[in-house]
Each structure stands twice: as C-alpha cells, then as structure tokens.
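Okay, here's what each chain looks like letter by letter:
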Amino acid sequence: YPNNPLFAMSHAEALLLSGRYAEARQQVQRLKQIPNKLVPVAVQVFDGMLHEQADKDDRAATDAYQAALKLPVNNPYTKEYHAMAY
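Conventions used here
- Position numbers for residues count from 1 along each chain, tracking the sequence in the order it is written.
- Given that the model is predicted, a residue must reach a pLDDT of at least 70 before its local features are reported, and side-chain atom pairs must reach 80 or more before they are shown or counted; all residues, however, enter totals for whole chains, interfaces and linings.
- Only hydrogens and water are set aside; all other atoms, that is, all heavy atoms of the structure, feed into the side-chain values.
- Put simply, DSSP H or I for four residues or longer makes a helix, DSSP E for two residues or longer makes a strand, and each gets a number counted from the N terminus.
- Contacts: residue pairs with any heavy atoms within 4.5 Å of one another.
- By nonpolar core is meant a set of buried Ala, Val, Leu, Ile, Met, Phe, Trp, Tyr and Cys residues that side-chain atoms within 4.5 Å join together.
- Exposure classes here rest on a 1.4 Å probe applied to the protein chains alone. A residue is buried below 20% of its type maximum, exposed above 50%, and partly exposed in between.
- In this analysis, the expected span of each helix is defined as 1.5 Å times one less than the number of residues it contains.
- Any Lys or Arg side-chain nitrogen located within 4 Å of an Asp or Glu carboxyl oxygen qualifies as a salt bridge.

## A short note on the side chain of Thr78
Here's step 1: Here Thr78 shows up in helix H5 (residues 75-85).
Here's step 2: In this structure Thr78 touches Met9, Leu38, Val41 and Val73, once residues within four positions along its chain are discounted.

## Section: the side chain of Glu13
Here's step 1: Within the fold, Glu13 resides in helix H1 (residues 5-17).
Here's step 2: Among all residues touching Glu13, those that are not within four sequence positions of it are Phe46, Tyr81 and Met84.

## Looking at the nonpolar core
Here's step 1: Counting 24 residues, the largest nonpolar core has Met9, Leu31, Val45, Phe46 and Tyr81 as its most contacted members.
Here's step 2: Contributing elements (two or more residues each) for this core: H1, helix H2 (21-32), helix H3 (39-54), helix H4 (58-70) and H5.
Here's step 3: By residue number, the principal contributor to this core is H3, which donates 8 residues.
Here's step 4: Look past the residues within four positions of Tyr81 in its chain and what remains in contact with it is Met9, Glu13, Val41, Ala42, Val45 and Phe46.

## Here we look at unusual backbone geometry
Peptide bonds are, in most cases, trans, and in most cases residues other than glycine have a negative phi.
Here's step 1: You will see that Lys56, though not glycine, has its phi angle at about 55°, which is positive.
Here's step 2: Along the chain, the position of Lys56 falls in the loop between H3 and H4.

## Re H4
Here's step 1: Between its first and last C-alpha, H4 extends 18 Å over 13 residues, near the 18 Å set by a 1.5 Å rise per residue.
Here's step 2: Within H4 the residues assigned to the buried category are Ala60, Ala61, Ala64, Tyr65, Ala68 and Leu69.
Here's step 3: As for H4, its buried residues are in contact with H3 and H5.

## Some details on the pattern of salt bridges
Here's step 1: Taken as a whole and assessed by the stated rule, the structure comprises 3 salt bridges.
Here's step 2: A salt bridge links Glu23 to Arg20; the shortest N-O distance between them is 2.7 Å.
Here's step 3: Here Arg20 falls in the partly exposed class, since its relative accessible area comes to 42%.
Here's step 4: In this structure, the salt-bridge partner of Arg25 is Asp55, at a minimum N-O distance of 2.9 Å. Of this pair, Arg25 sits in helix H2 while Asp55 sits in the loop between H3 and H4, and the two are 30 residues apart along the sequence.
Here's step 5: Residue classification places Arg25 among the partly exposed residues on the basis of a relative accessible area of 34%.

Printed below as a string of structure tokens:
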C-alpha cells in the first residue's frame, strides 16, 4: 500500500482532517516521491492545508491552493482536491 498513490493520498487527507499535522507532513513528503500524475494536485492542496492550519501562514496557503487549481484533475480520482482548494 505505501506506493499506491490513491491510498497515500487518502491517508494524508485523513491525517490532515484529523489534525495530525506532524504525521500528515511526513505523508505529504512521501507523496512527493511517488511518480504518478494523480499526485501533484493533491500535494499542492495538502501543502496548502498544512500552511493554513498547522503553520497559520495564509499567504503560503493561498499560493499552494492557487497552484493546485492550475493543475489538471482526473475526474474519478482528484476532482475533490480542486473543491478543497476553493
């Protein structure tokens, strides 16, 4: 499972939504190492969430969310990340 991008994205999202930011930050770093076209939009959104919620850095969060919105989505797998970025 650790190299499965869908599982890794779901795991990172669950950690973020439960407020486990230190673990989420580690999971996002692992996601960045997975060479898959589904991952970049999720990574940008998760970075935005970390900046916003853990670091309280609204400017960096806005930049990450804007970067996520510029990336293409895969409707069955990543469209919810555009919604999260908005």
